[in-house]
Amino acid sequence: MPLTLEQLAEEAMRLPATSRAMLAEKLVGSLDFADDSEIRKLWAAEAVRRRDEVRSGRVQPIPGDEVLAEVRRVVGR
């Protein structure tokens, strides 16, 4: 009898971190992104939307060094 998705996930979580990372990479690599052009169009539209929000003043950008400092503070590094 084949494993259920939940059983398979439980087994995968018992693997060492490096093995889980390799498994994740293989799983993602197996996904079919045949319609890559549609994904590119969606990301381009999202980039334009975000740009327009900044230009209109609805969103205030945060400098990258401030963002990284906050991430480091949150994760304790």
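Right, let's walk through the structure included here. What you are looking at is a predicted structure, and each value in this text was computed from that prediction instead of being measured.

**What to know about the overall build of the chain**
Check the secondary structure of the chain and you find four helices and zero strands. Order of helices (α) and strands (β) in the chain, N terminus to C terminus: α-α-α-α. The C-alpha radius of gyration computed for the chain amounts to 20 Å, which surpasses the reference 11 Å derived for 77 residues by more than 25%, pointing to a less compact arrangement than a globule. Seen through its C-alpha atoms, the chain measures out along the principal axes to roughly 60 × 40 × 20 Å. Across the 77 residues in the chain, those meeting the buried criterion constitute 1%. Accessible surface, the chain: about 7300 Å² in total, of which carbon and sulfur atoms supply 61%.

**Digging into a nonpolar patch on the surface**
A surface patch of nonpolar side chains, amounting to about 440 Å² of accessible area, comprises Ile-62, Val-67, Val-71, Val-74 and Val-75. With relative accessibility at 53%, the residue Val-75 sits in the exposed group.

**Re helix H3 (residues 36–56)**
The end-to-end C-alpha distance of H3, which contains 21 residues, comes to 30 Å, matching closely the 30 Å that a straight helix rising 1.5 Å per residue would cover. Two residues or fewer past H3, Gly-57 is found with a positive phi of approximately 90 degrees.

**Examining the pattern of salt bridges**
Inspection of the entire model under this criterion finds six salt bridges. Note that Arg-49 is salt-bridged to Glu-53, the shortest N-O span being 2.8 Å. Of this pair, Arg-49 and Glu-53 both sit in helix H3, four residues apart, which is roughly one turn of the helix. The partner of Glu-70 in a salt bridge is Arg-73, and the shortest N-O contact between them spans 2.6 Å. One end of the pair, Glu-70, and the other, Arg-73, are both in helix H4 (residues 64–75), three residues apart, so they sit about a helical turn from each other. Its relative accessible area of 39% is what places Glu-70 among the partly exposed residues.

Reading the values: the criteria
Residues numbered from 1 in each chain as written. Predicted model: local features only at pLDDT ≥ 70, side-chain atom pairs only at ≥ 80, totals over all residues. Heavy atoms only, no water. Helix = DSSP H or I, 4+ residues; strand = E, 2+ residues; numbered from the N terminus. Rg over C-alpha atoms; globule rule 2.2 N^0.38 Å. Buried < 20%, exposed > 50% of the residue type's maximum accessible area, 1.4 Å probe, protein only. Areas by Shrake-Rupley, 256 points an atom, 1.4 Å probe, with all protein chains shown as cover. Patch = residues over 30% accessible without salt bridge, like charges linked within 9 Å, V, L, I, M, F, W, Y side chains within 5 Å. Salt bridge = Lys/Arg side-chain N within 4 Å of Asp/Glu carboxyl O. Expected span 1.5 Å × (residues − 1).

Worth remembering: the numbers are spatial, not functional.
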